[in-house]
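Descriptive analysis of the structure
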Amino acid sequence: GSDLRHMILEACNYFELYKESINELNVYPVPDGDTGTNMCLTMTDAAKELQGVDSDSIGEVAKITARSSLMGARGNSGVILSQLFRGIARGLSGKEEASLSELGRAFQYGIVYAYNAVNNPVEGTILTVAREIAKGSREAIQKPLEIIDLLRIAIESGRKALDRTPELLPVLKEAGVVDAGGLGLIVFLEGCLHSALKRTAEKEGTPYLGEEGLSPLEIPDKFENGISSANDTEEFNPSYPYCTELLIKGENISLPEVRKSIETCGDSIIVAGDGELIKVHIHTAHPGTVLEKCLEKGSIHDIKIENMIDQYNETRWSSGKQDTYKKETAGYPLKNEFDSNLKASIGVVTVSSGEGLSAVFNSLGTDKIISGGQSMNPSV
């Protein structure tokens, strides 16, 4: 249990380093640039809960991880990740510790739970990568292995599957990227590997010098168009513009009934959980209708509704990769006088001290940067 807890905490910290790179690859199911953020937030909720856990039971740690990640799950990728955790928890239920073969079987449960949660599973996504990771791990544990070896094999299996995602999902191939959620899962496993290596070094009393990992920024170089084309070519379908998420709490709630009640309300439907706590994710044109239908099944909590058109437009604008946006903003943010020709309904002005910070604000998409700092800030 302490090993698993340490792995998840380490993986959460490791993932934070790469979440923006993962966001850059996000073109499916909606090019709104939040896959890395959603997965990171899901892990963070699990990590927060685990920080106060002192149990050494692997079954108990897995159970807490599954429930807390479900309650904090964000987006398609986050809910799917929470279901992988839930299946692993099912496989490790009641165990104080687990062998590698038991851990491998638990991951198989995770695949089943993840596929079952998605209304229309699509190949070439995180689901495909997770399945191939499980397959590679299952074959590997037929021989005696250490956990570090198993994690390396799992990561390598995942990388091979990730490379194939553009062949399975045309939208990825057109954009010249691999699946963002699949990459996120591999980065998570790399975090687990770093944890295992650190723990081994501690036990042996040797310094941990790290291990060269996968750099998400390098992956799109394998494809002809590169990351930039993801923002250049993808168009957002406004038929179901509201990403709606919520929890349903109650007793003996039927997942199939919840899924059936909302299946005509939109797409990207994921219904996951158990009879007492259910996570619902859907892209819809009528969030109110979804809330009403869910309210019939139990009390609703943690409601989140986001307009994906806004997210999409913001992602395209802030990327700086669109020619139109390049022309509108070329050189402007670093000027020290206002440009009356820039038309916008709302803008962000930052006060910055030094070229380094100004470059950071510029990369984040600020409209205007004014020189300032301690004792030299301008008036409002």
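What counts as what
- Residues numbered from 1 in each chain as written.
- Predicted model: local features only at pLDDT ≥ 70, side-chain atom pairs only at ≥ 80, totals over all residues.
- Heavy atoms only, no water.
- Buried < 20%, exposed > 50% of the residue type's maximum accessible area, 1.4 Å probe, protein only.
- Helix = DSSP H or I, 4+ residues; strand = E, 2+ residues; numbered from the N terminus.
- Pairing = 2+ DSSP bridges.
- Right-handed = clockwise from strand over helix to strand, strands pointing away.
- pLDDT = per-residue confidence, 0-100.
- Contact = heavy atoms within 4.5 Å.
- Arc of directions from axis to C-beta.
- Polar contact = N/O pair within 3.5 Å; in protein donor to acceptor, adjacent residues only side chain to side chain.
- Axes fitted to C-alpha atoms, helices over the stretch in contact; angles between N-to-C directions.
- Parallel < 35°, antiparallel > 145°, perpendicular 65-115°, else oblique.
- Left-handed = near helix turned anticlockwise from the far one by under 90°.
- Nonpolar A, V, L, I, M, F, W, Y, C, P; charged D, E, K, R; others polar.
- Phe/Tyr/Trp six-rings, centres within 6.5 Å; stacked < 30°, edge-to-face > 60°.
- Lys, Arg positive; Asp, Glu negative; His and termini not counted.
- Salt bridge = Lys/Arg side-chain N within 4 Å of Asp/Glu carboxyl O.
- Expected span 1.5 Å × (residues − 1).
- Disulfide = S-S within 2.5 Å.

Attention now moves to the pairing of strand β5 (residues 349-352). Side chains Thr350 and Ser352 project from β5 onto a buried face, and the interleaved Val349 and Val351 project onto a face without burial. Note that β5 and strand β6 (residues 368-371) share four bridges and pair parallel. When the bridges of β6 are listed, Ser352 appears paired with Ser371. Handedness of the β-α-β unit built from β5, helix α15 (residues 355-363) and β6 comes out right-handed.

Residues of the chain with pLDDT of at least 70 account for 81%, and the chain-wide mean is 81. Here residues 214-235 is a poorly scored stretch, pLDDT under 50, and it has 63 contacts once near neighbours within four places are set aside; other chains count. Considering only residues more than four positions removed or in separate chains, one finds that residues 316-342, a stretch of pLDDT under 50, has 47 contacts.

Here the focus is helix α11 (residues 255-262). Buried within α11 are the following residues: Leu255, Val258, Arg259, Ser261 and Ile262. Projection of α11 onto a plane perpendicular to its axis shows the buried side chains occupying an angular sector of 165°, all on one side. Along α11, exposed side chains directed more than 90 degrees from the buried face belong to Pro256 and Lys260. For α11, the elements touching its buried residues are α5 (100-117), β1 (242-249), β2 (266-273), β3 (277-284) and α12 (287-295). The backbone nitrogen of Glu257 has a side-chain oxygen 3.3 Å away, supplied by the residue at the start of α11, namely Ser254.

Helix-helix packing is described using two parameters, namely the angle between the two axes and the distance between the axes. Viewed as axis vectors pointing N to C, α5 and helix α6 (residues 126-140) meet at an angle of 160°, and their least axial separation amounts to 9 Å. With respect to α6, the axis of α5 lies roughly antiparallel. The chirality of how α5 crosses α6 is left-handed. Counting all contacts with α5, which are made through Phe107, Gln108, Ile111, Ala114 and Tyr115, the residues of α6 involved are Leu127, Thr128, Ala130, Arg131, Ile133, Ala134 and Arg138. Residues of the contact of α5 with α6, tallied by class, amount to eight nonpolar, two polar and two charged.

Moving on, we get to the packing of aromatic side chains. Counted under the stated rule, the structure contains two aromatic pairs. Ring centres of Phe85 and Phe188 lie 5.6 Å apart, and the angle between their planes is 70°; this geometry places the pair in the edge-to-face category. Taken as a pair, Phe85 in helix α4 (residues 75-92) and Phe188 in helix α9 (residues 180-204) lie far apart in primary sequence, 103 residues in all. Accessibility expressed as a relative area gives 8% for Phe85, which makes it buried.

Attention now goes to the side chain of Thr128. Within the fold, Thr128 resides in helix α6. When sequence neighbours within four positions are dropped, the list of residues in contact with Thr128 reads Tyr115, Val122, Glu123, Ala161 and Leu168.

Although it is not a glycine, Asn252 sits at a positive phi angle of roughly 55°. Within the secondary structure layout, Asn252 lies in the loop between β1 and α11. Within the chain, Asp302 stands out as a residue other than glycine whose phi angle is a positive 50°. Here Asp302 is to be found in strand β4 (residues 299-307). A relative accessible area of 48% means that Asp302 is categorised as partly exposed.

A separate point is the side chain of Asp367. As for its position among the elements, Asp367 is in the loop between α15 and β6. Notably, Asp367 is buried but unbridged: the nearest opposite-charge side chain belongs to Lys368, and the N-O separation is 11 Å. Polar contacts involving the side chain of Asp367 include one to the main-chain amide nitrogen of Val348, which spans 2.6 Å.

All right, on to helix α2 (residues 35-50) then. It helps to recall that an α-helix has 3.6 residues per turn; residues three or four apart then point in one direction. A rise of 1.5 Å per residue sets the reference length of α2, with its 16 residues, at 22 Å; its end C-alpha atoms lie 23 Å apart and thus fit the reference within 8%. The complete set of buried residues in α2 reads Thr35, Gly36, Asn38, Met39, Cys40, Thr42, Met43, Ala46, Ala47 and Leu50. Its buried side turned inward, α2 meets α1 (2-24), α3 (58-72), α4, α6 and α9.

Read from one edge of the open sheet, four strands run β2-β3-β1-β4, paired in antiparallel fashion. Two strands bound the open sheet, and with one partner strand each, they are β2 and β4. On average, each strand axis in the sheet is inclined to that of its neighbour by 10°, with strand direction left out of account. Helix-sheet contacts for α3 involve β1, β2, β3 and β4, and the interaxial angle to β3 is about 35°. Most of the contacts of α4 go to β2, to which it runs at about 25°, and overall it touches β1, β2 and β3.

Turning to the state of the cysteines, a few remarks are in order. Under the definition given, this model contains zero disulfides. No disulfide involves Cys294; its nearest neighbouring cysteine sulfur is the one of Cys265, lying 8.4 Å away.

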